Amino acid sequence: MADAGQKAGDTQWHPSHNPWLIAASVMLATFMEVLDTSVANVSLPHIAGNLSATPEEATWVLTSYLVANAIILPATNWLGNLFGRKRFFIGCIMIFTLASALCGLASSLGFLIIARVLQGAGGGALQPISQAVLLESFPPAKRGAAMAVFAMGVVVAPIAGPTLGGWITDNYSWRWIFYINLPIGLLACWMAQAFIEDPPYLKKVHLKDIDYIGFSLLTLWLATLQFILDRGQELDWFGSNTIGWLAFVSCVSLIAFVAWELKSEHPIVDLRILKNRNFSVGIGLMTLLGALLYGTTAVLPLFMQELLGYTALDAGLALSPRGAAAFVTTLLVGRLVGKVSSRLLITTGFLVLAYSSFRLGNVNLEIGMRSIILPSIINGIAISFIFVPLTTSTMGTLSQQQMGNATGIFNLMRNLGGSLGIAMITTFISRGSQSAQAQIVGHFSRFSTVFQQRLAAVQAGLATHSDPVLAAKQAQRFFYGILQQQATLLTYVHNFRLFGIVCLVCTPLVFLFKKVARTKAPIDVH
């Protein structure tokens, strides 16, 4: 078996076209899809107003997309083997593009949600197929450069999404955040048809081998889990019977899915790949990195808009240097991978990311935009130092034949990590501000001499423009607003510092990676 694996590892397939043309073909579609996961966030108020929906109902525009996307991600390799990977990839681009047009044409919230489900299903396969194609098209020694290209799509796009979405919505209409996908999708289809090819070792799946039970369990697990993460805070988590029952269903379906897939002859997701130590360690770290990346992307605009009074566009512009820094650093790190130890690069990235998080943990209400931009730039640099070598180390001991299955699991865990990070940060901010307010309200009491002096001063100033009774009420309202601001600020500070602590915890885990050979192709350890 080992000899066969060695032979499989030594025989490397090479594509007919230049790998960089292939990279451009797959990443054009992937960048479009990843951008769409975040570009709609800032447009939700406009969508709700235009379609006569409440803000809570409008969040289904995001939830529906994420649920459909999550279901397709791990099943991508199996579906690609069933339909042919190139044919499936092009079909998914066409579905995503058509669904984008339907989203732009939507005249009701229900129609828009259906179109977003279709869009999420079409987009779910684009990331894992793109990553698998890149890893297979480039020789092992150049996989660092391949993953640098992939990082430009999956790291830079979510950062740039809110800025682009805010600009389009403010200057045109929310419908154009979907219409811009049409020319890009058509170009991506043409390039995929021209330059992508299926390698000869892809296993053909026949209709009689369809894993109906595995796919049903996978759908049930991911749909319930994604709903819990996306709507948990709004429904008061386990204070809600809905969340409690869905959590039970999700846990049972996950256990049943794992048990079924491990004994199935034709599993929809081959979980045996988790025996590979580098892959298991890598997806664990990638889950945490996804939580940090998406959590930071979600919390920084909220902080600037809620406490500093920035508009959505201004908040996006303040964060745009983060995306630019990540883009430039990705090019540099792609050259360093293979020449510098990946463990050293990842460790450096986590330490720098911790430093940027602790810097953000010193914010206050008097800071200028520069105090946000500088830590954000450092944050973007750190993310690139982690993502590229982490991806290379995770996939470095797998054979070409295992790439399709591995990339589906890898991208699923990154997205679930992102959903987990956003859910946690939303909950911490909402509930933490209540806790912080209870802690500091004692400084706003009648027993505090300093507070009473300042309350009297404000009340006296207001009394010159209104009667004393109204002035007293306005002064109390003024200080209650300050109390709420300071409590919310304290919550953001605690969350930024928590990000830094998580980064420090991740650092020693990096040394669980085995060293990846730089020039030889990995053998098949399956």
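Residues numbered from 1 in each chain as written. Predicted model: local features only at pLDDT ≥ 70, side-chain atom pairs only at ≥ 80, totals over all residues. Heavy atoms only, no water.

### A closer look at a nonpolar patch on the surface
So, step 1. There is a patch of nonpolar side chains on the surface, built from Leu351, Phe358, Leu420, Met424, Phe428, Leu498, Ile501, Leu504 and Val505 and spanning about 720 Å² of accessible area.
So, step 2. Counting residues per element, the ones that place at least two in the nonpolar patch are helix 17 (342–360), helix 19 (403–440) and helix 21 (468–509).
So, step 3. It is helix 21 that provides the largest number of residues to the nonpolar patch, a total of 4 residues.
So, step 4. Note that Phe428 resides in helix 19. (Patch = residues over 30% accessible without salt bridge, like charges linked within 9 Å, V, L, I, M, F, W, Y side chains within 5 Å. Areas by Shrake-Rupley, 256 points an atom, 1.4 Å probe, with all protein chains shown as cover. Salt bridge = Lys/Arg side-chain N within 4 Å of Asp/Glu carboxyl O. Helix = DSSP H or I, 4+ residues; strand = E, 2+ residues; numbered from the N terminus.)

### A closer look at the packing of helix 15 (residues 277–306) against helix 19
The geometry of a pair of packed helices is captured by two quantities: the angle between their axes and the separation between those axes.
So, step 1. At a minimum axis distance of 7 Å, the contact between helix 15 and helix 19 shows a crossing angle of 40 degrees. The angle between helix 15 and helix 19 places the two elements in the oblique class. As for how helix 15 packs across helix 19, the hand of that crossing is right-handed. Taking contact as the criterion, the partners of Phe279, Ile283, Met286, Thr287, Gly290, Ala291, Tyr294, Gly295, Ala298 and Val299 in helix 15 are, on helix 19, Ala406, Ile409, Phe410, Met413, Arg414, Asn415, Gly417, Gly418, Gly421, Ile422, Ile425 and Ile429.
So, step 2. Of the residues in the contact of helix 15 with helix 19, the class split is 14 nonpolar, 7 polar and 1 charged. (Axes fitted to C-alpha atoms, helices over the stretch in contact; angles between N-to-C directions. Parallel < 35°, antiparallel > 145°, perpendicular 65-115°, else oblique. Left-handed = near helix turned anticlockwise from the far one by under 90°. Contact = heavy atoms within 4.5 Å. Nonpolar A, V, L, I, M, F, W, Y, C, P; charged D, E, K, R; others polar.)

### Points about the side chain of Ser356
So, step 1. In this fold, Ser356 is placed in helix 17.
So, step 2. Excluding residues that lie within four positions of it along the chain, Ser356 makes contacts with Pro375, Ile378 and Asn379.

### Focus: the packing of helix 15 against helix 21
So, step 1. Contact pair helix 15 / helix 21: the axes reach a minimum separation of 11 Å and the direction vectors enclose 160 degrees. The orientation of helix 15 relative to helix 21 falls into the category roughly antiparallel. For the element pair helix 15 and helix 21, the recorded crossing hand is left-handed. Contacts between helix 15 and helix 21 involve Val281, Leu285, Leu288, Leu292, Gly295, Thr296, Val299, Leu300, Leu302, Phe303 and Glu306 on the former and, on the latter, Thr488, Leu489, Tyr492, Phe496, Phe499, Val502, Cys503, Cys506 and Leu509.

### As for the pattern of salt bridges
So, step 1. Going through the model one piece at a time under the given rule, you end up with 3 salt bridges.
So, step 2. Residues Arg85 and Glu136 are paired through a salt bridge, measuring 2.6 Å at the closest nitrogen-oxygen approach. Taken as a pair, Arg85 in helix 6 (residues 85–105) and Glu136 in helix 8 (residues 126–137) lie far apart in primary sequence, 51 residues in all. Considered together, Arg85 and Glu136 belong to a single accessibility category, that of buried residues.
So, step 3. The partner of Arg431 in a salt bridge is Asp236, and the shortest N-O contact between them spans 2.7 Å. Here the residue Arg431 occupies a position in helix 19, and Asp236 occupies one in the loop between helix 13 (212–231) and helix 14 (241–263), the gap between them amounting to 195 residues.
So, step 4. Among the residues examined, Arg431 registers a relative accessible area of 36% and is labelled partly exposed. (Buried < 20%, exposed > 50% of the residue type's maximum accessible area, 1.4 Å probe, protein only.)

### Regarding the nonpolar core
So, step 1. Phe89, Leu134, Phe303, Met304 and Phe350 are the most contacted members of the largest nonpolar core, which totals 111 residues.
So, step 2. Look past the residues within four positions of Phe89 in its chain and what remains in contact with it is Val26, Ala29, Leu126, Ile129, Ser130, Ala192 and Ile196.
So, step 3. Ranked by size, the runner-up nonpolar core spans 19 residues in total, among them Ile168, Trp174, Ile177 and Phe178. (Core = buried A, V, L, I, M, F, W, Y, C linked by side-chain atoms within 4.5 Å.)

### Description of the confidence of the model for the protein chain
So, step 1. In the predicted model, the protein chain carries a mean pLDDT of 82, and 93% of its residues have values of at least 70.
So, step 2. Within the model, the stretch residues 1–10 combines pLDDT values under 50 with 8 contacts to residues more than four positions away or in other chains.
So, step 3. In this model residues 519–526 is a low-confidence stretch, pLDDT under 50, and it forms 28 contacts with partners more than four residues away in sequence or in other chains. (pLDDT = per-residue confidence, 0-100.)

### Quick notes on unusual backbone geometry
So, step 1. With a phi close to 70 degrees, Asp236 is a non-glycine residue in the positive phi region.
So, step 2. Judged by relative accessible area, which is 42%, Asp236 ranks as partly exposed.
So, step 3. Positive phi, close to 45 degrees, is recorded for Trp237, a residue that is not glycine.
So, step 4. As for its position among the elements, Trp237 is in the loop between helix 13 and helix 14.
So, step 5. Among the residues examined, Trp237 registers a relative accessible area of 16% and is labelled buried.

### Quick notes on the environment of Tyr65
So, step 1. As for its position among the elements, Tyr65 is in helix 5 (residues 60–83).
So, step 2. In this structure the C-alpha to C-alpha distance between Tyr65 and Phe387, which are 322 residues apart in sequence, comes to 24 Å.

### Considerations on the packing of aromatic side chains
So, step 1. Per the stated rule, a full pass over the model turns up 11 aromatic pairs.
So, step 2. Ring geometry for Phe83 versus Phe88: centroids 6.1 Å apart, planes at 20 degrees, classification stacked.
So, step 3. Of the residues examined, Phe83 reaches a relative accessible area of 41% and is grouped as partly exposed.
So, step 4. Judged by relative accessible area, which is 12%, Phe88 ranks as buried.
So, step 5. Look at Phe150 and Phe387: their rings are 6.2 Å apart centre to centre, the planes differ by 25 degrees, and that puts the pair in the stacked class. With Phe150 in helix 9 (residues 143–154) and Phe387 in helix 18 (residues 370–395), the pair connects residues that are 237 residues apart, well separated along the chain. Here the two residues Phe150 and Phe387 agree in accessibility, since each one is buried.
So, step 6. Ring pairs connect the aromatic residues Phe303, Tyr492 and Phe496, which therefore count as one cluster. (Phe/Tyr/Trp six-rings, centres within 6.5 Å; stacked < 30°, edge-to-face > 60°.)

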